[in-house]
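Okay, here's what each chain looks like letter by letter:
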Amino acid sequence: MTRRDGGTDGAAAELQELVDEVAAATGAPTTLEDRDLHLVASSGHDDVIDEVRRTSILRRRSSAQVQELFGGFGIARAQRPLRIPGGAVPGLLGRWCVPVRWRGVTHGYLWLLDPEERVSAARLDALTDVAVQVAATLALRARARDRSSWAVGELLSGDAGSRARAVEELRRDGLLPADPAAPVVVVALAPRDASPLGPVNSWLLPRGVLSAPVGHRAALVVPAGAPEAAGVAARAARTLTAQHPGGVAAGVSGPVAAGDGHTGWRQADACLRVARGAGGGAGGVSVRAWEGLGAHRLLALAEPAALAAVVVDARARALLDGDPDLLLTARTYLDLAGSAQRTARALSVHRQTLYARLRRVREVTGVDLDDGRERLALHLALVLAEESGG
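Summary of the structure given here. (Residues numbered from 1 in each chain as written. Predicted model: local features only at pLDDT ≥ 70, side-chain atom pairs only at ≥ 80, totals over all residues. Heavy atoms only, no water.)

A look at the environment of Leu127
As for its placement among the helices and strands, Leu127 is situated in the loop between helix H4 (121–125) and helix H5 (128–155). Using a relative accessible area of 13% as the deciding quantity, one classes Leu127 as buried. Linking Leu127 and Thr26, residues 101 residues apart in sequence, is a C-alpha distance of 9.4 Å. Leaving out residues up to four positions away in the same chain, Leu127 has contacts with Val22, Ala25 and Thr26. (Helix = DSSP H or I, 4+ residues; strand = E, 2+ residues; numbered from the N terminus. Buried < 20%, exposed > 50% of the residue type's maximum accessible area, 1.4 Å probe, protein only. Contact = heavy atoms within 4.5 Å.)

Put into structure tokens, the structure is as follows:
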């Protein structure tokens, strides 16, 4: 199977063939989802489709409401095909859920749309061998993913010995280039609010891109030669927006050596902090990259509060603790490189009103806004104070 990202995967191709085989044998449009209800493969669909199936195909994942609905039917515990009646929610067509289990563990589900109840339980029982092949393939991929996930976590850790062992293991498994000089790019993903991060749909990641959970965030490692990292980050973030309607942010590091993954992770995390505070783009996704981070690169050195404690002096504090209109004026003016015209437009105020506010900023802080060094110091203090919430 050729995935949407253009990469190919032997396991994915095999699973696509098996799903097509089930659809052909039963006459029912069929999809395969993993245990997290991420879409893995889909047969062709004619007119037999409902909104649940359409959403699963378009978003590559079932919604939280649908997961709760199907979970209420006991799909995680089912050991035999389970009939989901039509109309359980408005517009839902009847379907079969066939759990795919390997050595007693459910690794995914085959879903067969069957609104007219043409598919009998006996016909599904005849597909047991196919279901076992699907389960075994999913199980092998899950084990490989779990092993690489552990190694990715070690690759990004602050311990040099752990990083060296992770590099060795990932290279031995062919998951990192053998060339020690070949760089990687690290991506950090997280919801823009404080909600826990749902699982990244690994079936949508291009071949060669590694993933792992890191606390309440997710990490991707994009080796040299893989697709452009910012695009990978944006696609991965979009797959999470169905679970996180408040939006998803991503930070993209610069190229680093694989053995220096911790530096890449710190860079990506700094970018993520900025992306979380920025306005979301299309689909609620905000991506920031290291090369365009500017002074925010300081966030890779320490927590924002620690940095703010160093650079926020009495002059900046006078603004931070004073008139909110003056603070907004100063931030906007400095963010817009001292352009009075653009600042007045951004604040929707008359130019003379802006000049009056800027004079007041000078009086309150004692900062000469015509002095580049003083303006830089104030701007940096306000930026880091905002990042730290202070």
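Describing helix H12 (residues 340–347)
For H12, the set of buried residues is Ala340, Thr343, Ala344 and Leu347. In a view along the axis of H12, the buried residues occupy a sector of 100°, so they form one face of it. Exposed and oriented more than 90 degrees from the buried face of H12 are Arg345 and Ala346. Next to the buried residues of H12 lie helix H11 (324–335) and helix H13 (351–365). Where H12 terminates, the next one or two residues include Ser348, which has phi positive at roughly 55°. (Arc of directions from axis to C-beta.)

What about the pattern of salt bridges?
Scanning the entire structure with this criterion turns up twelve salt bridges. Among the salt bridges present, the one from Arg317 reaches Asp321, with a minimum N-O distance of 3.4 Å. Given a relative accessible area of 57%, Asp321 falls into the exposed group. Linked through salt bridges whose partners overlap, the residues forming this network are Arg217, Asp269 and Arg273. (Salt bridge = Lys/Arg side-chain N within 4 Å of Asp/Glu carboxyl O.)

Examining the environment of Ser253
Along the chain, the position of Ser253 falls in the loop between strand E9 (248–252) and strand E10 (256–257). The buried category is assigned to Ser253, whose relative accessible area is 3%. Taking the C-alpha atoms as reference points, Ser253 and Glu51, separated by 202 residues in sequence, lie 38 Å from one another. Beyond its immediate stretch of four places on either side in the chain, Ser253 contacts Val185, Val186, Gly264, Gln267, Ala268 and Trp290.

A word on the packing of H11 against H13
At their nearest, the axes of H11 and H13 sit 10 Å apart, and the two run at 100° to each other. Of the possible angle classes, the one that applies to H11 and H13 is roughly perpendicular. Between H11 and H13, the residues in contact are Asp325, Leu326, Thr329, Ala330 and Tyr333 and Leu354, Arg357, Leu358, Arg360, Val361 and Val364, respectively. (Axes fitted to C-alpha atoms, helices over the stretch in contact; angles between N-to-C directions. Parallel < 35°, antiparallel > 145°, perpendicular 65-115°, else oblique.)

Description of the nonpolar core
Counting residues in each nonpolar core, the largest one holds 31 residues, and the members touching the most others are Val312, Leu319, Leu369, Leu378 and Leu382. If you list the elements that add at least two residues to this core, you get helix H8 (261–277), helix H9 (304–311), helix H10 (314–320), H11, H12, H13 and helix H14 (372–388). With 24 residues, the next largest nonpolar core counts Val152, Leu170, Ala249 and Ala268 among its residues. (Core = buried A, V, L, I, M, F, W, Y, C linked by side-chain atoms within 4.5 Å.)

So, unusual backbone geometry
With the exception of glycine, most residues fall at negative phi, and the peptide bonds are largely trans. If you check the backbone angles, Leu37 has positive phi at about 60° while not being a glycine. Counting through the fold element by element, Leu37 comes out in the loop between strand E1 (30–34) and strand E2 (39–42).

Describing the sheet that holds E2
Across a sheet, paired strands are connected by hydrogen bonds in the backbone, their directions being either parallel or antiparallel. The strand order across the open sheet formed by five strands is E2-E1-E5-E4-E3, and the pairing between neighbours is antiparallel. Of all strands in the sheet, those with a lone pairing partner are E2 and strand E3 (82–84), marking the two edges. Within the sheet, the average angular offset between the axes of one strand and its neighbour, ignoring direction, is 25°. Summarising the sheet, E3 and strand E4 (residues 95–102) pair through three bridges and their orientation is antiparallel. Among the inter-strand pairings, Arg83 is bridged to a residue of E4, identified as Trp96. (Pairing = 2+ DSSP bridges.)

A short note on the pairing of strand E6 (residues 183–191)
Across the nine residues that make up E6, a large majority, eight, are buried. Examined bridge by bridge, E6 and E10 share two bridges and lie antiparallel to one another. Residue Pro183 lies in a different strand from E10, and its bridge partner there is Ala257.

Some points on H8
Spanning 17 residues, H8 covers 25 Å between terminal C-alpha atoms, matching the ideal 24 Å at 1.5 Å per step. Listed as buried for H8 are Gly261, Gly264, Trp265, Gln267, Ala268, Asp269, Ala270, Cys271, Leu272, Val274 and Ala275. (Expected span 1.5 Å × (residues − 1).)

Examining the environment of Gly161
Looking at the element boundaries, Gly161 is found in helix H6 (residues 160–172). When the C-alpha atoms of Gly161 and Gly259 are compared, they prove to be 9.7 Å apart, with 98 residues separating the residues in sequence.

Shape descriptors only; they carry no functional weight alone.
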